[in-house]
Amino acid sequence: MATGAPAEDYERPVLRARADGEPAGRLAALERAKLLALRVRAELEDRRRREAELSALYATAHDLAGLRDLDAVLRAIVRRARSLLGTEVAYLTLHDTAAGDTYMRVTDGSVSARFQQLRLGMGEGLGGLVAQTARPYVTDSYFHDERFRHTRTIDSGVHDEGLVAILGVPLMLGSGVIGVLFAADRRERVFEHGQIALLAAHAAHAAVAIDTANLLTGTRKTLTELEAANEIIRDRSSAVERASDIHDRLTELVLRGGGVMDVADALAKVLHGEVEFADPGRAPAEALERSRVGGHAVREGTEWVAAVGAGGEVLGALVLRGHPALDPVDQRTLERAAMVTSLLLLARRTAGEAEQRVRGELLDDLLDAADRDPRLLGERAARVGADLDAPHVVLAARTDGAPPGHGDAASPAHGASAPPAHGVSAPPAYGAAISDRDAASPPTAASPPHAASSPEGAPPEGASPDGAPPDGASPDGASSPPDGADRRRLWSAASHLAATRQGLAAERDGGAVLLLPLGPDGDPAHTAREIAARLGAALHQPVTVGASAPVPAPAARPAAVADAYAEARRCREALRVLGRAGQGAAAADFGFLGLLLADTRDVDGFVHRTLGPVADYDARRGTELLRTLGAYFACGMSPARTKDALHVHVNTVAQRLERVSRLLGPEWQTPARALEIQLALRLHQLSSAVTGDTGG
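Residues numbered from 1 in each chain as written. Predicted model: local features only at pLDDT ≥ 70, side-chain atom pairs only at ≥ 80, totals over all residues. Heavy atoms only, no water.

1. Quick word on empty space enclosed by the protein
Selection criterion: Both site types are read off a 1 Å grid over the protein atoms alone. A 1.4 Å probe that fits but cannot get out defines a cavity, while an open set with protein on both sides within 12 Å along at least five of seven lines defines a pocket; lining residues have an atom within 4 Å of a point. Grid points are joined across faces, edges and corners, and a volume is the space filled by probe spheres set on the points. Labels follow the DSSP assignment, with helices taken as runs of H or I lasting at least four residues and strands as runs of E lasting at least two, numbered in each case from the N terminus.
Applying the stated rule across the entire model yields two cavities of 30 Å³ or more. By volume, the largest cavity amounts to about 100 Å³. Lining the largest cavity are 14 residues, and of these Tyr91, Leu120, Gly127, Ile154 and Val158 lie nearest its centre. Of all elements in the fold, only strand S1 (89-96), helix H5 (125-133) and helix H6 (152-161) reach the threshold of two or more residues within the lining of the largest cavity.

2. Looking at the packing of aromatic side chains
Inclusion rule: Aromatic pairing here means that ring centres of Phe, Tyr or Trp (its six-membered ring) are within 6.5 Å. Orientation follows from the plane angle: under 30 degrees is stacked, over 60 is edge-to-face, and everything else is tilted. Working definition: with a 1.4 Å probe on protein chains only, accessible area under 20% of the residue-type maximum means buried, over 50% means exposed, and in between means partly exposed.
Applying the stated criterion to the full structure yields eight aromatic pairs. Both rings, one in Tyr142 and one in Phe143, keep their centres 5.4 Å apart while their planes meet at 75 degrees; by these two values the pair is edge-to-face. Taking the centre distance of 6.2 Å and the plane angle of 85 degrees together, the rings of Phe633 and Trp668 count as edge-to-face. With Phe633 in helix H18 (residues 625-634) and Trp668 in the loop between helix H20 (650-664) and helix H21 (671-691), this residue pair connects regions lying 35 residues apart in the sequence. The class of Trp668 is buried, set by a relative accessible area of 0%. Taken together through their ring pairs, the aromatic side chains of Tyr137, Tyr142, Phe143 and Phe148 make up a single cluster.

3. Points about the confidence of the model for the chain
In low-pLDDT regions, the fine details of the predicted coordinates are not to be read closely. Selection criterion: Each residue gets a pLDDT score, which is the predictor's confidence in that residue and runs from 0 to 100. We call two residues contacting when some pair of their heavy atoms lies within 4.5 Å.
Averaged over the chain, the pLDDT score is 77; the fraction of residues at 70 or greater is 79%. Contacts from residues 402-479, a stretch scored under 50 in pLDDT, to residues over four places away or in other chains number 114 contacts. Taken together, the stretch residues 692-696 has pLDDT below 50 and engages in two contacts with residues farther than four places along the chain or on a different chain.

4. Topic: the sheet that holds strand S9 (residues 303-310)
Note the following rule: Two strands are said to pair when DSSP picks up at least two bridges between them. An axis is simply a line fitted to the C-alpha atoms; with a helix, the fit covers only the stretch in contact. Between two such axes, the angle follows the N-to-C directions and lies from 0 to 180 degrees.
Read from one edge of the open sheet, four strands run S7-S10-S9-S8, paired in antiparallel fashion. Edge strands, defined here as strands with exactly one partner in the open sheet, are strand S7 (274-278) and strand S8 (298-300). Strand-to-strand, the axes of this sheet are offset by a mean angle of 30 degrees, without reference to chain direction. Summarising the sheet, S8 and S9 pair through three bridges and their orientation is antiparallel. Paired with Arg299 across the bridge in S9 is Trp304. Along the sheet face, helix H9 (residues 285-294) touches S8, S9 and strand S10 (313-321) and points at about 55 degrees away from the line of S9.

Put into structure tokens, the structure is as follows:
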């Protein structure tokens, strides 16, 4: 025993005594000594084994205490379990509280993918039973052990791994099971009580290490979240400081009478981007509407848009560029700036409305009091920035009463023919003549669809059979008068437009009247079309505008302003009667009808506009195109009879008519244009006869 001899050496003294023939008492004493020595030897070996196991266990606890990462801790637990028991495989399952089962977390020595993905319900298999009862279980032959509830999934995974003998101990934390630690062999093996106790002790240390690692992981996560929260607080603090800064700046701007551009500049400095105030027509339409409806700034691509408005009216938008990532505090800063901008615009509007009233009163005096002192009128105009000694044009505007696109779906497009008012006599294609004359001018943005034509001789849609106008319509076929809100909006838009052009505007006769300086081109019709488009865009509905002939010096001849307004009204109402509501025109745009609408009967102007290219060609080339045109119409537009009347070859007539087409356009033979050309030819002939001109 002192030399550590093997167990068989303890049998030799007994065998020698028997060989020597020792007495029975001696042999019995030797046998007792042998058994006692073997017992002492076994006890010493067990103590040495337990000492080695405890040393390994302490070393394991020391190693686990030095680990901080949960995955590293779990791998070390499984690796040590395999080493302590000398098994082929070791693995560990953890409890899933949400699913109510355990799942394979870490393996060591495993070769089966199916086994590594197993989930064990409570009470299923050996591991499920350990997790359910919180007690160790062992089997030397798993598939032949009927103590466990076998399932196809678990048995398939164990079979794939080839495991036979399995030992499982619970990982306890307090009174709860957090998982199961296993040691297993691929052959039958009997696990001794000491080995079971050793694995259980190792599992106890492992549970503490897992809990410590979880706590450390949670602590690190909490620290990370605290750092993120601290960063958010710092960002929010910075944003609050920026918001306070912009609030102070905006307050200072309002107090010292700053404008919209000052607000945009201050906001750009605080938000470190580019800020622009955009009128409703220039701001992104969809984003502007979303901001107006939601009451907040909205993102449009890389831009932020905040609607500027008062009540239901949109005054414009603040557009922020160069700052796509806008936090909530900066977003509220942009919205607050939009609110301040609204207040500034409303204050400016109030002052503007006072100026508008002054301008309106001056225009009312020009229209109603022809005996006013021209000098006083000029001085009053100068105070509002108007120069009544320069040529002006009078414009009569009126809303059409319905937004574009709300008419009949069958309405003809701009430029299509429309029938005359019911009960008014007119030649064929009467309305088409007017539309064709206007075809040379591009349609304005405010041009709406017209009412659909009714069959010839039938009353217009909505009219009574006896010819009375429908309810709400005037006897001349125009639409019903606009309501008070439309009139106020029209007057406001017209006043603003007049102020920007150093003109005057007033509300009159259910519409608006403007007195504007004549444009550089000296064309009242162009001004009328432009004003119709501008007012229509501002009001989002058609606005019809008629223009007068130029008024040379309104202050010197106030009576001429009233006459010009009457002419502008006639042009406006003619547009509406002819189904061209939403457009602008002067008397010259109506062809021969302009002779009836204008105060001055500009016959020469009408003839020149209609036949000028042909007459000029005859004058330059010495040709007889005008004479050919006269003969062509006199002969019923028959080339064969025309050649007989002119005594020329029919090819000559064809060549001359082709030349006329190039000069007047290919539509000159349409009924509407042909009517105008024939009237112009007659007037030209009368004028030539009166002046003694015989050429042509």
